Amino acid sequence: MPETSPQHIHLIGICGTAMGSIASLLKEQGHHVTGSDAKVYPPMSTFLESREIEIMEGYDPKHLDPAPDLVIVGNAISRGNPELEYLLDAKLSYSSLPECLKQNFLQSSHNLVVTGTHGKTTTTSLLAWLLKSGGLKPGYFIGGIPLNFDSGCQFEGGNHWVIEGDEYDTAFFDKRSKFLHYQPELVIINNIEFDHADIYENLEQIKRSFRQLVNIIPRNGALVVNGDDANVRDVIGHAQARIVDVGFEKTNSVVIELKETDENGTHFRIMDHDFVLPLYGRHNVHNAAVALCAAHAQGLSLDALDTGLRSFKGIKRRLEVRGEPQGITIIDDFAHHPTAIQETLKALRLRYPERKLWALFEPRSNTTRRATFQDSLPEALSEADAVYLGPVARAEQIAEEERLKPEQVISDLISKGIPSVYGESTEVIIQSILPQLKPGDVVAVLSNGSFDGLIEQLLDQLNQQ
C-alpha cells in the first residue's frame, strides 16, 4: 500500500465476504474505498452501503479512471475481466487481498489463523469475540458479518490478529492457498474434506496445502485441531509446533462432553469447566471448543471465557432467522457442502423439535454445481422433511457430463421417502411451496449466494397473505 494516506483503493470483486470485510477496514483507516462486482446483493451490499463505500455494478475500465492508488483483485476475478485487463494494460498498482493484509497488518502481530473445510467463519468470529470480551483488543478478519461486531474486519490496536484462513487460491496471479500468507503463531484446523473442485483435483491436493500451512508454524507456536478427523491427523504428522487435539473421543487431549440442549443453547463441558453456547448443533459445539482452547492459550481464564461465550450472538447467514411471518420460521444459511448441509439441518432439528423442516437448496458453489457430490447431496438433504432443489447456477459453464443432475438428486430423495421437488426457477419454488406452508413450519434456505432473492420474495409473499 502506498505510504502516504489517505489513498484511493479500489477492490475488484468487492461483494465477496472477505473483500467486503477488508474494504470496511480500509475505510476505517481513512482511505477512500470504492469497488465493483458483477452481482450486488444483501447482506454485503447493504453492509458496504452503510459504510458509505461506493459499489459499482458490473466490471468496466471506467471504474479505474482516474487511476486508484492501489487495486485489490479478488480471487474470483480471472483473465478476461474488463477491469483486470485494463489494470494490466495501464500498469496500475495491484495486490491480492491476503498479501495486502499481510504486508500492512500482520508482520508485527501475534496471528491466530482459523482453517478447515467447515466452520471457519463461526470459529473465527467466536475466537475474536472471546479475546475482545477478555480485554485483549484483537484485530480480526472474518469472511462474514459477525453479529457481535460492526464489521468483519477491524484493527483495534492490540497485539493479536484473528484471521479466517481459506484454503482457496489467492488470486489469478498467485495460486497458493490464502492461509499461507498469514504468518501464523497459532493455527486451528477444524476439519478437512474435499471441496473447491474447480481448483483441486482430489483430497490429497487439499491436504498438501494444509501440510504447507503446518510447516510454516514456528516451533514456539501451536496447533489446535479436530482430533476426531482422520484427514486432520494425517496433515499434522510432521508439525514442529505444540499440538492440542480437541474432540468428542476419549483419546483426545481435550475431550468435549455434550450435555443438555435448552432455550439458552447447548451445554457442554471441556477443561473441567461447564460452558453454555447460545448456538445449536454438534458442529457448533466443536467450533466453540477449539476457540475456547485457543483463547485460553492466550492467557484468558476459563471464567472469563465462559462469560464471553454466553454473550456470543453468531453470524449473519449462519442459521440466521430472517423472519417468522404467520408463525413460519424462515432461516438463512450459507451451507453449500453436503457435510455443512447435514449439520445445519441436524442443528435445526435440535433447535426446533417436532416442527416440520423444509430445505430449499441452491447448487451454486463451484463444487456443488458439479457431479462431485451427486450421491452425497441426497443423503445430506434427507435430514429435512421436504426438499426443494433449485437449478444449477451458471450451468452452461460446466460440461453436461460433469454437471450435477438435479433431477437425479430429487429421484434419490423421493426413493428415501422425502417429498422433493425440482424448481426450475425461484418463482416456481415460491409458487409451489406457499400453499403448503403452515404455522410452526421451519424453512431453511441453503445457498452461498442470493438464490435469486428467494428469501426476500418468500417473506414478502407471506407478509402479504
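Residues numbered from 1 in each chain as written. Predicted model: local features only at pLDDT ≥ 70, side-chain atom pairs only at ≥ 80, totals over all residues. Heavy atoms only, no water.

1. Quick notes on the overall build of the chain
Here is step 1: Check the secondary structure of the chain and you find 14 helices and 24 strands.
Here is step 2: Taking 465 residues into account, the globule formula puts the C-alpha radius of gyration at 23 Å, and the chain, at 22 Å, falls close to it.
Here is step 3: Over its C-alpha atoms, taken along the principal directions, the chain stretches across nearly 60 × 60 × 40 Å.
Here is step 4: Within the chain, counting contacts between residues at least 6 apart in sequence, those at least 24 apart form 66% of the total. (Helix = DSSP H or I, 4+ residues; strand = E, 2+ residues; numbered from the N terminus. Rg over C-alpha atoms; globule rule 2.2 N^0.38 Å. Contact = heavy atoms within 4.5 Å.)

2. Some remarks on the environment of Arg370
Here is step 1: Take Arg370: it is sitting in the loop between strand S21 (357-361) and helix H11 (376-381).
Here is step 2: The exposure class assigned to Arg370 is buried, which follows from its relative accessible area of 19%.
Here is step 3: Counting along the chain gives 34 residues from Arg370 to Leu404, while the straight-line C-alpha distance between them is 4.6 Å.
Here is step 4: Residue contacts for Arg370: discarding those within four places in its chain leaves Ala197, Asp198, Ile398, Glu402, Arg403 and Leu404. (Buried < 20%, exposed > 50% of the residue type's maximum accessible area, 1.4 Å probe, protein only.)

3. Side note on helix H12 (residues 406-415)
Here is step 1: Listing the buried residues of H12 in full gives Pro406, Val409, Ile410 and Leu413. Each buried residue of H12 sits inside an arc of 100° when the element is viewed along its axis, so together they form one side.
Here is step 2: Contact partners of the buried residues in H12: H11, strand S22 (386-389) and strand S23 (420-422).
Here is step 3: One or two residues past the end of H12 sits Gly417, with phi positive at roughly 85°. (Arc of directions from axis to C-beta.)

4. Some thoughts on the pattern of salt bridges
Here is step 1: This structure, assessed with the given rule, holds 18 salt bridges.
Here is step 2: Across the pair Lys207 and Asp234 runs a salt bridge, and its minimum N-O distance is 2.8 Å. Here Lys207 is found in helix H6 (residues 203-215), whereas its partner Asp234 is found in helix H7 (residues 230-235), with 27 residues between them in sequence.
Here is step 3: Taking the relative accessible area as the measure of exposure, Asp234 reaches 37% and is therefore partly exposed.
Here is step 4: Linked through salt bridges whose partners overlap, the residues forming this network are Glu204, Lys207, Arg211 and Asp234. (Salt bridge = Lys/Arg side-chain N within 4 Å of Asp/Glu carboxyl O.)

5. Notes on the layout of surface pockets
Here is step 1: Its boundaries defined by the atoms lining it, the second largest pocket holds a volume of some 300 Å³.
Here is step 2: Contributing to the lining of the second largest pocket are 17 residues, with Pro278, Leu279, Arg318, Leu319 and Val321 lying nearest its centre.
Here is step 3: Looking at the lining of the second largest pocket, the elements with two or more residues in it are strand S19 (320-323) and helix H10 (338-351).
Here is step 4: Take the lining of the second largest pocket: its biggest share by element is three residues, from H10.
Here is step 5: For the lining of the second largest pocket, the residue count by class is 11 nonpolar, two polar and four charged. (1 Å grid on protein atoms, 1.4 Å probe; cavity = no way out; pocket = protein on both sides within 12 Å on 5 of 7 lines; lining within 4 Å. Points joined across faces, edges and corners; volume = space filled by probe spheres on them. Nonpolar A, V, L, I, M, F, W, Y, C, P; charged D, E, K, R; others polar.)

6. Examining the packing of aromatic side chains
Here is step 1: Counted according to the given criterion, the structure contains 11 aromatic pairs.
Here is step 2: Aromatic pair Phe105 and Trp161: ring centres 5.6 Å apart, planes at 50°, arrangement tilted. Residue Phe105 is located in helix H4 (residues 97-106), and its partner Trp161 is located in strand S9 (residues 160-164); the two are separated by 56 residues in the primary sequence.
Here is step 3: With a relative accessible area of 13%, Phe105 lands in the buried category.
Here is step 4: Judged by its relative accessible area of 0%, Trp161 falls in the buried class.
Here is step 5: Through a chain of ring-to-ring contacts, the aromatic side chains of Tyr94, Phe172 and Phe173 assemble into a single cluster.
Here is step 6: The ring of Phe248 carries the charged tip of Arg282 above its face, separated from the ring centre by 3.8 Å.
Here is step 7: Taking NZ or CZ as reference, Arg351 lies 5.0 Å from the ring centre of Tyr352, over its face. (Phe/Tyr/Trp six-rings, centres within 6.5 Å; stacked < 30°, edge-to-face > 60°. Lys NZ or Arg CZ within 6 Å of the ring centre and 35° of its normal.)

7. Focus on the side chain of Thr367
Here is step 1: Relative to the assigned elements, Thr367 resides in the loop between S21 and H11.
Here is step 2: With relative accessibility at 1%, the residue Thr367 sits in the buried group.
Here is step 3: Look past the residues within four positions of Thr367 in its chain and what remains in contact with it is Asp195, His196, Ala197, Thr372 and Phe373.

8. A word on the packing of helix H1 (residues 17-28) against H4
When two helices pack together, you describe them by how their axes are tilted relative to each other and by the distance separating the axes.
Here is step 1: Across the interface, H1 lies against H4 with an axial gap of 11 Å and an inter-helix angle of 30°. Where H1 crosses over H4, the handedness of that crossing is left-handed. Seen from H1, the contacting residues are Ala18, Met19, Ile22 and Leu25; seen from H4, they are Leu97, Leu101 and Phe105.
Here is step 2: Looking at the contact of H1 with H4, its residues break down into seven nonpolar, no polar and no charged. (Axes fitted to C-alpha atoms, helices over the stretch in contact; angles between N-to-C directions. Left-handed = near helix turned anticlockwise from the far one by under 90°.)

9. Overview of the confidence of the model for the chain
Here is step 1: Residue-level pLDDT values for the chain average 91, and 99% of them are 70 or greater.
Here is step 2: Strand S8 (residues 153-154) is the least confidently modelled element of the chain, averaging 84 in pLDDT, while strand S12 (residues 186-189) averages 98, the highest of any element. (pLDDT = per-residue confidence, 0-100.)

10. Quick word on unusual backbone geometry
Here is step 1: Cis peptide bonds are those with omega within 30 degrees of zero, and the linkage from Asp65 to Pro66 qualifies with 5°.
Here is step 2: By the element assignment, Pro66 lies in the loop between strand S3 (54-57) and strand S4 (70-73).
Here is step 3: Positive phi, normally seen in glycine, also occurs at Arg394, with a value near 50°.
Here is step 4: Mapped onto the elements of the fold, Arg394 is located in the loop between S22 and H12.
Here is step 5: A residue is classified by how much of its surface remains accessible, and Arg394, at 29% relative accessible area, is partly exposed.
Here is step 6: One non-glycine residue with positive phi stands out, namely Phe451, at about 50°.
Here is step 7: Positionally, Phe451 belongs in the loop between strand S24 (442-446) and helix H14 (454-464).

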